[in-house]
Amino acid sequence: LRFLTAGETHGPQLTTIIEGLPSNMKIDFDALNFQLHRRQKGYGRGRRMQIEKDTAQILGGVRHGYTTGAPVALVVENKDWTHWRNIMNVEPIEGNDEAKRRVHRPRPGHADLNGGLKYNLKDLRNVLERSSARETTVRVAVGAIARQFLEQFGVKVAGQVIRIGEIEAPPHSLPIDELIERTEASSVRVVDAETEKKMEAYIDQIKQEGDSIGGVVECIIEGLPVGLGSHVQYDRKLDGRIAQGVMSINAFKGVEVGIGFEAGELRGSQVHDEIMYSEERGYYRATNRLGGFEGGMTNGMPIVVRGVMKPIPTLYKPLQSVDIDTKEPFTAQVERSDACAVPAASVVMEHVVTWEVAKAFLEKFGGDSMEEIHANYQNYLKQL
Ligand code: EPS
């Protein structure tokens, strides 16, 4: 199972091809678009999100509502492109730097300068157009297909915001269905109404000060069997693959599984989850501090992954940089931006983690049709 994406933030569309999906998988188009809609929401988003109405169009690999086993081609249009037709034209255009909206002033914290130097581009727009977090739209689309696949095996995925800047959400132990319902009703994807208010006020304050703010998000996946991923080789460890996926999300600077970095402060007896057995549940762990993983494999407990997002680097408050034409210092000009995209990042991380899990699921129970995968899965459950 694999995918590639293409497309620029102000280009006509984002494109992806997913290869390796089984045949006879029902595609729920509304559920797919619902996930895209979730990513667009969240307190602190800028003006661009009022322009876009993300909708997936499937252009291959699906017929009469079911996958055929062929690659699935999927695109999401950029509505904003109408304002950028000339600037983003694939054909050469007449005009000066102004007409081309050439960027020669790299923004600190963005890919602009490194990308420009690496690809020998004198117009840094060629870097920023592709490095933009707009690309996470199709990563959510791809993850939403993976989610629909896993749902057929009773798997549930939730996400929540744990922290925005100074404000941390209090811990809770809600069942996953309630967690999904409550975070969906929240403007900042938290379950606690008091925290929601505090986070909104905090984002307002940050925005007023011309600044941006990051935070911590969490993804929980329930209903997976033991044994996805493997201890036998570094690149088959599923927690490692999830970490790579999470770190590849725009602006993410860290990832942890279960109690993560806290494990460095505690004793072994305070960290490891004791093994229990009951007739109804089979083997289980008394606690889930290791976040569903031992030896790079799922252990049957919920997967719990956290990621940290840095504040968005496009600021109204200027930071120092250097012009690539003159090598003279300048302070970056005001640009359209989100003050906080942490709630949206929570939705993105859900889908990135779900994708990695679906991939490992297919590796274990692989088959070319849904029927074959169901049979393999049932057979494994019998073995367990
Ligand atoms: C982004 C900058 C902003 C965000 C964008 C990510 O876009 P623009 O440059 O058009 O104002 O709105 O996010 C999205 C478009 C999206 O769909 O999430 C960036 O530089 O990463």
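Everything that follows concerns the structure shown earlier in this document.
Residues numbered from 1 in each chain as written. Predicted model: local features only at pLDDT ≥ 70, side-chain atom pairs only at ≥ 80, totals over all residues. Heavy atoms only, no water.

Peer 1: Would you mind going over unusual backbone geometry with me for this structure?
Peer 2: What is expected of a backbone is that most residues other than glycine have negative phi and most peptide bonds are trans. Residues other than glycine seldom take positive phi values, yet Asn24 does so here, at roughly 65 degrees. Note that Asn24 resides in the loop between β2 (13-19) and α1 (29-40). The phi dihedral of Arg189 is positive, around 60 degrees, even though this residue is not glycine. Residue position: Arg189 is located in the loop between α7 (176-184) and α8 (193-208). (Helix = DSSP H or I, 4+ residues; strand = E, 2+ residues; numbered from the N terminus.)

Peer 1: What is the right way to read the side chain of Ser23 from this model?
Peer 2: Relative to the helices and strands, Ser23 is located in the loop between β2 and α1. Excluding anything up to four places from it in sequence, Ser23 contacts Thr67, Thr68, Gly69, Asp368, Ser369 and Met370. (Contact = heavy atoms within 4.5 Å.)

Peer 1: Explain the site of the ligand here, please?
Peer 2: Contacts to the ligand come from His10, Arg39, Arg45, Arg48, Met49, Ser132, Ala133, Arg134, Thr137, Arg336 and Asp338. A distance of 3.2 Å separates an oxygen atom of the ligand from a polar atom in the side chain of Arg45. Here an oxygen atom of the ligand and a backbone polar atom of Ala133 are 2.7 Å apart. For the ligand, the protein covers 85% of the area, taking 470 Å² as the surface of the free molecule. Tallied by class, the residues present in the shell around the ligand amount to 2 nonpolar, 3 polar and 6 charged. (Near = heavy atom within 4 Å. Polar contact = N/O pair within 3.5 Å; in protein donor to acceptor, adjacent residues only side chain to side chain. Areas by Shrake-Rupley, 256 points an atom, 1.4 Å probe, with all protein chains shown as cover. Nonpolar A, V, L, I, M, F, W, Y, C, P; charged D, E, K, R; others polar.)

Peer 1: What is the right way to look at the packing of aromatic side chains in this model?
Peer 2: The relation between two aromatic rings is expressed through the spacing of the ring centres and the mutual angle of the planes. Taken as a whole and judged by the stated rule, the model has 10 aromatic pairs. Judged by centre distance (5.7 Å) and plane angle (85 degrees), the ring pair of Phe149 and Phe361 falls under edge-to-face. Here Phe149, found in helix α6 (residues 136-151), pairs with Phe361, found in helix α11 (residues 342-365); they are 212 residues apart in sequence, far enough to count as distant. The exposure class of Phe149 is buried, given its relative accessible area of 1%. Among the residues examined, Phe361 registers a relative accessible area of 0% and is labelled buried. Summarising the aromatic geometry, the rings of Phe153 and Phe361 are spaced 4.7 Å apart at their centres and angled 50 degrees between planes, so their arrangement reads as tilted. Pair noted here: Phe153 is in the loop between α6 and β7 (156-164) and Phe361 is in helix α11, with a separation of 208 residues, a long-range link. Judged by its relative accessible area of 8%, Phe153 is buried. An aromatic cluster is built from Phe149, Phe153, Phe361, Phe365, Tyr377 and Tyr380, whose rings are joined through pairwise contacts. Over the face of the ring belonging to Tyr380 we find Lys364, whose NZ or CZ atom lies 3.9 Å from the ring centre. (Phe/Tyr/Trp six-rings, centres within 6.5 Å; stacked < 30°, edge-to-face > 60°. Buried < 20%, exposed > 50% of the residue type's maximum accessible area, 1.4 Å probe, protein only. Lys NZ or Arg CZ within 6 Å of the ring centre and 35° of its normal.)

Peer 1: Help me understand the packing of α1 against α6 in this model?
Peer 2: Helix packing for two helices is described by the angle between their axes and how far apart those axes are. Axis separation between α1 and α6 bottoms out at 9 Å; the angle between their running directions is 140 degrees. Classified by the angle their axes make, α1 and α6 are oblique. Crossing hand, α1 versus α6: right-handed. Side by side, α1 and α6 meet where Ala31, Leu32, Gln35, Leu36, Arg38 and Arg39 of the first sit next to Thr136, Thr137, Val140, Ala141, Ala144, Ile145, Arg147 and Gln148 of the second. Class assignment of the residues belonging to the contact of α1 with α6 gives a composition of 7 nonpolar, 4 polar and 3 charged. (Axes fitted to C-alpha atoms, helices over the stretch in contact; angles between N-to-C directions. Parallel < 35°, antiparallel > 145°, perpendicular 65-115°, else oblique. Left-handed = near helix turned anticlockwise from the far one by under 90°.)

Peer 1: Looking at this structure, how should I read the side chain of Thr5?
Peer 2: For Thr5, the location among the structural elements is in strand β1 (residues 2-6). There is a polar contact of 2.8 Å between the side chain of Thr5 and the side chain of Arg130. Of the polar contacts made by the side chain of Thr5, one reaches the side chain of Glu135; its length is 2.6 Å. With residues near it in sequence (within four places) discarded, Thr5 still touches Thr15, Thr16, Arg130, Glu135 and Val138.

Peer 1: Help me understand α11, please; the structure alone is not making it clear to me.
Peer 2: Residues that lie three or four places apart on an α-helix share one face, since the helix turns once every 3.6 residues. Look at α11: 34 Å from first C-alpha to last across 24 residues, which is about the 34 Å you get at 1.5 Å a residue. Counting buried positions along α11 yields 21 of 24 residues, so the element is predominantly enclosed. (Expected span 1.5 Å × (residues − 1).)

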